[in-house]
Amino acid sequence: MKRLSIPSVSMQDSYKTCISGVVNDDGLRKRLEACCDRFKDNSDEYFRKGCDGKLYSIVPIKHECNEDPVVVGEVIKSELVKLYDYYMVNKTKKSARKIYDQLILAANEKCPFCGGIGRPKNLDHFLPKAHYPQFSVFPLNLVPACRDCNMDGKGNIYATSAEEQVLHPYLDNDRFFNEQWIFARVIQSDPCVLEFYVKPPECWDDTAKSRIKKHFKSFDLADRYGIQAAEELSILIDQRKEFMCAYSPDDFGMHLRSIANSPSLFVNHWRKVMHQALAGDTWFCSNKF
């Protein structure tokens, strides 16, 4: 739900850089090098289907629990997984690790899946490497993610239909990032609370509507945004009781709206949505607590 720029490193550059770290196994290196063109074809398919919202249609590598199937050419699954786990993540493999670090830094300390409430700690495989090992070191498949959002830690789940796909920060349609679909309502209670929910634009097709609902639920954004809002709401109420106590309901609403309209907050940012909801609630703006 937070757009990331497409990485400048191509699949082939990333793949070849990782292969360059294989210095003690000539057989593995030669088998990996022989597959470069095939991986270029795979990456082209990924990009095309990612832009069309159809990554679910890429067939996973299916196998029995104890099997280690051939994926491309003469390269088996475990070797491709190791290409990421050992030859990219490993800090001693400086050239490939540089790519890893560049992808992390590109998120500017804000996890794109949750809209920045978490800080990316590692790279998440959008299509899990357990089922799609051919994309283990493909930059477009590596998304900086916080611990709460990391999909690799969610049982390697992958979508089997268009409606099940969470949003892809690099490739998905601009509408998911430029149009508002997260809202909040004020619960008139003591203490006051905010409830976040999804309301997609009416003009969106059913698949797009289903996808944002899936994303919102998969990353537990209702509860996580509610926790973020509770702390800020407590501070705001204290301010209302003290130095803003003389504000009329209209003046207080204008103050809240000015925060909601801050250009530094993207359209579905929880703070923007929070202050938007508060500014539009007559009870909250009139209440001096």
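You'll find the structure just up there.
About the cut-offs
Residues numbered from 1 in each chain as written. Predicted model: local features only at pLDDT ≥ 70, side-chain atom pairs only at ≥ 80, totals over all residues. Heavy atoms only, no water. Buried < 20%, exposed > 50% of the residue type's maximum accessible area, 1.4 Å probe, protein only. Helix = DSSP H or I, 4+ residues; strand = E, 2+ residues; numbered from the N terminus. Pairing = 2+ DSSP bridges. 1 Å grid on protein atoms, 1.4 Å probe; cavity = no way out; pocket = protein on both sides within 12 Å on 5 of 7 lines; lining within 4 Å. Points joined across faces, edges and corners; volume = space filled by probe spheres on them. Nonpolar A, V, L, I, M, F, W, Y, C, P; charged D, E, K, R; others polar. Core = buried A, V, L, I, M, F, W, Y, C linked by side-chain atoms within 4.5 Å. Contact = heavy atoms within 4.5 Å. Phe/Tyr/Trp six-rings, centres within 6.5 Å; stacked < 30°, edge-to-face > 60°. Lys NZ or Arg CZ within 6 Å of the ring centre and 35° of its normal.

## Overview of the pairing of strand β4 (residues 142-145)
Stage number 1. Residues Leu142 and Pro144 line one face of β4 and the alternating positions Val143 and Ala145 line the opposite face, and both faces are buried.
Stage number 2. Strand direction decides the pairing type here: strand β3 (residues 122-125) and β4, joined by 4 bridges, are antiparallel. Along β4, the bridge assignment pairs Leu123 with Pro144.

## What about unusual backbone geometry?
Stage number 1. For the bond from Asp190 to Pro191, the omega torsion is 5°, close enough to zero to count as cis.
Stage number 2. Following the sequence through the fold, Pro191 ends up in the loop between β5 (182-187) and β6 (193-198).
Stage number 3. A positive phi is found at Asn108, a non-glycine position, where the angle reads about 55°.
Stage number 4. Owing to a relative accessible area of 58%, Asn108 belongs among the exposed residues under this scheme.
Stage number 5. In the Ramachandran plot, Phe289 falls in the positive-phi region, its phi being about 55° despite a non-glycine side chain.
Stage number 6. With respect to the helices, strands and loops of the structure, Phe289 is situated in the segment after α11 (282-286).

## A few points about the layout of surface pockets
Stage number 1. Size it by volume and the second largest pocket reaches roughly 240 Å³.
Stage number 2. The wall of the second largest pocket is formed by 16 residues, among which Pro191, Cys192, Val193, Leu233 and Ile237 lie closest to the centre.
Stage number 3. Sorting the residues of the lining of the second largest pocket by element identifies β6 and α8 (221-241) as the ones contributing at least two each.
Stage number 4. Sorting elements by how many residues they give to the lining of the second largest pocket places α8 first, with 7 residues.
Stage number 5. Looking at side-chain class alone, the lining of the second largest pocket contains 10 nonpolar, 4 polar and 2 charged residues.

## Brief notes about the nonpolar core
Stage number 1. In terms of nonpolar packing, the biggest core is built from 83 residues, with Tyr46 and Phe196 touching the most fellow members.
Stage number 2. The residues contacting Phe196, other than those within four sequence positions of it, are Ile182, Phe183, Ala184, Phe216, Ala222, Tyr225, Gly226, Ala229, Trp270, Val273 and Met274.

## Things to note about helix α10 (residues 270-279)
Stage number 1. Here α10 lies mainly inside the structure; 8 of its 10 residues are buried.
Stage number 2. Buried within α10 are the following residues: Trp270, Lys272, Val273, Met274, His275, Ala277, Leu278 and Ala279.
Stage number 3. Contacts from the buried residues of α10 go to β5, β6, α8, α9 (249-260) and α11.

## Focus on the environment of Ala184
Stage number 1. Mapping Ala184 onto the fold places it in strand β5.
Stage number 2. As a C-alpha pair, Ala184 and Met274 span 90 residues in sequence and 6.2 Å in three-dimensional space.
Stage number 3. Leave out the neighbours within four places in its chain, and Ala184 touches Leu194, Glu195, Phe196, Tyr197, Val273 and Ala277.

## Focus on the packing of aromatic side chains
Stage number 1. Counted under the stated rule, the structure contains 14 aromatic pairs.
Stage number 2. Judged by centre distance (5.6 Å) and plane angle (70°), the rings of Phe196 and Tyr225 are edge-to-face. One end of the pair, Phe196, is in strand β6; the other, Tyr225, is in helix α8, with 29 residues separating them in the sequence. One exposure class covers both Phe196 and Tyr225, and it is buried.
Stage number 3. Among the aromatic residues, those joined into a cluster by ring pairs are Phe252, Trp283, Phe284 and Phe289.
Stage number 4. A cation sits over an aromatic face here: Arg185 above Tyr197, 3.9 Å from the ring centre.

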